[in-house]
Amino acid sequence: MTTAQVSEFLLAQLGGDVQGVALLGQGGWSQAFSFSLGDRNLVARFGAHVDDFEKDRRASQFSTPGLPVPQVIEIGEAFGGYFCVSERAFGEHLESLDAAGMREIVPAVCRMLGALRAADLGDSRGFGGWDAQGVAPHVTWHEYLLSVDTETERVSGWHRLLEESPLGHRIFYEALTYLKANLAFCPNERYLIHNDLLHGNVLVLENQIGGVIDWGCGLYGDHLYDLAMFTYYAPWYPSMEGIDWVSEARKHFEASGIEISHFDERLRCCEVSIALGNMAYSAFRQNWGDLNDNARRLQARIAG
């Protein structure tokens, strides 16, 4: 879509003084534009999956100073798909920080992980990906972890494509066997999981978390899953070199009086699950470079 098309749509939809429409970026499932409406700074996103936007609206109830989630203002149909208008969060993408900036943000990241863990899930149920009503489809966390071998409506056909990568196909099923063998370490406890914290979805402003956006991948399950995002992906980000995310998280949880049983084993299972999901998605997108990078990283994790 062009900014002119979006401007015309927003004027018709919202009326008032819509100004400054500009493309913010485009992810795997939606396109985002910034604009102002009077004295309000807003974002309009357009995509084919309304459930992603509805999850953002539900996630806003979890907003706290340590976990700032923009409020969703309106969701509806547009351009043959859907749109979502929300408040705009400002800041620099976390993963784009330089080494000094990354080191400075570590305490705020740990507080964010703590705020995710502390979120009240009392009006929800299930494990795995949740919907607008807070319902997730799996009865146990174990069931969700093993569902990584299941194709979905959105990401399908990847089993056949994975077979085209002999290295990836072999390591995928070796890692799945490892995951099955270690499920006993993984408790069936439900916490809020963002599940996509390092792909332009955490904004940093003045050494604090300025916004946590795009909850389309959100889960219920082991809170260490979001920490595993940092420990697993760290080698891909030079600015994270020298940061011991495990040690930093342990110190934060201990200072908060939180004891975590089988910390290392659970974290490893979360990393394996993340890697398997990455491999499935890479095969789906036929991105063989990413698939092989994840296969090699995964092989090291299950051997280490």
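Below or above, wherever it landed, is the structure these notes cover. (Residues numbered from 1 in each chain as written. Predicted model: local features only at pLDDT ≥ 70, side-chain atom pairs only at ≥ 80, totals over all residues. Heavy atoms only, no water.)

For the rest of this paragraph, the subject is the sheet that holds strand β9 (residues 202–205). Across the sheet, which stays open at both edges, the three strands sit in the order β6-β9-β10 with antiparallel pairing between neighbours. Both outer strands of the open sheet, β6 (92–93) and β10 (208–212), are each paired with one neighbouring strand and no more. Here helix α3 (residues 99–118) sits on the sheet and contacts β9 and β10; the angle it forms with β10, its principal contact strand, is near 45 degrees. (Pairing = 2+ DSSP bridges. Helix = DSSP H or I, 4+ residues; strand = E, 2+ residues; numbered from the N terminus. Contact = heavy atoms within 4.5 Å. Axes fitted to C-alpha atoms, helices over the stretch in contact; angles between N-to-C directions.)

A few words on helix α10 (residues 288–303). Look at α10: 22 Å from first C-alpha to last across 16 residues, which is about the 22 Å you get at 1.5 Å a residue. Turning to α10, its buried residues are Leu291, Asn294, Ala295, Arg297, Leu298, Arg301 and Ile302. Along its buried surface, α10 packs onto α5 (158–162), α6 (166–181), α7 (224–233) and α9 (263–284). (Expected span 1.5 Å × (residues − 1). Buried < 20%, exposed > 50% of the residue type's maximum accessible area, 1.4 Å probe, protein only.)

Another aspect to go through is the side chain of asparagine 195. One can find asparagine 195 in the loop between β8 (191–193) and β9. You can call asparagine 195 buried: its relative accessible area is 13%. Those residues in contact with asparagine 195 that sit more than four places away from it in its chain are Cys217, Leu219, Tyr225, Asp226 and Met229.

This brings us to the packing of aromatic side chains. A complete count under the given rule lists 15 aromatic pairs for this structure. Centre to centre, the rings of tyrosine 281 and phenylalanine 284 are 6.0 Å apart; their planes meet at 40 degrees, and the pair counts as tilted. Separated by three residues within a single helix, tyrosine 281 and phenylalanine 284 lie in helix α9, roughly one turn from each other. The partly exposed category is assigned to tyrosine 281, whose relative accessible area is 28%. Ring-pair connections join several aromatic residues into one group, and the members of that group are Phe9, Phe33, Phe46, Phe79 and Phe83. The ring centre of tryptophan 130 lies 4.6 Å from the NZ or CZ of lysine 55, which sits over that ring. Its end group placed over the ring of phenylalanine 263, arginine 250 keeps NZ or CZ at 4.1 Å from the ring centre. (Phe/Tyr/Trp six-rings, centres within 6.5 Å; stacked < 30°, edge-to-face > 60°. Lys NZ or Arg CZ within 6 Å of the ring centre and 35° of its normal.)

Counting across every chain of the model gives 12 salt bridges. Of the charged contacts in the structure, one is a salt bridge between aspartate 51 and arginine 154, with a shortest N-O distance of 3.4 Å. One end of the pair, aspartate 51, is in helix α2 (residues 50–59); the other, arginine 154, is in the loop between α4 (141–146) and α5, with 103 residues separating them in the sequence. Relative accessible area serves as the criterion here: at 36%, aspartate 51 is assigned to the partly exposed category. Looking at arginine 154, the relative accessible area reads 23%, which means it is partly exposed. For glutamate 271, the salt bridge goes to arginine 268, with nearest N and O atoms at 3.7 Å. With glutamate 271 and arginine 268 both in helix α9 and three residues apart, the pair spans about one turn of that helix. Take arginine 268: its relative accessible area is 18%, and that puts it in the buried class. (Salt bridge = Lys/Arg side-chain N within 4 Å of Asp/Glu carboxyl O.)

What follows deals with the sheet that holds β8. Across the sheet, three strands lie side by side as β7-β11-β8; this open sheet has antiparallel pairing. The open sheet terminates on both sides in strands that have one partner only, identified here as β7 (128–129) and β8. As paired strands, β7 and strand β11 (residues 219–221) are joined by two bridges and run antiparallel to one another. Bridging from a neighbouring strand, glycine 129 pairs with leucine 219 of β11.

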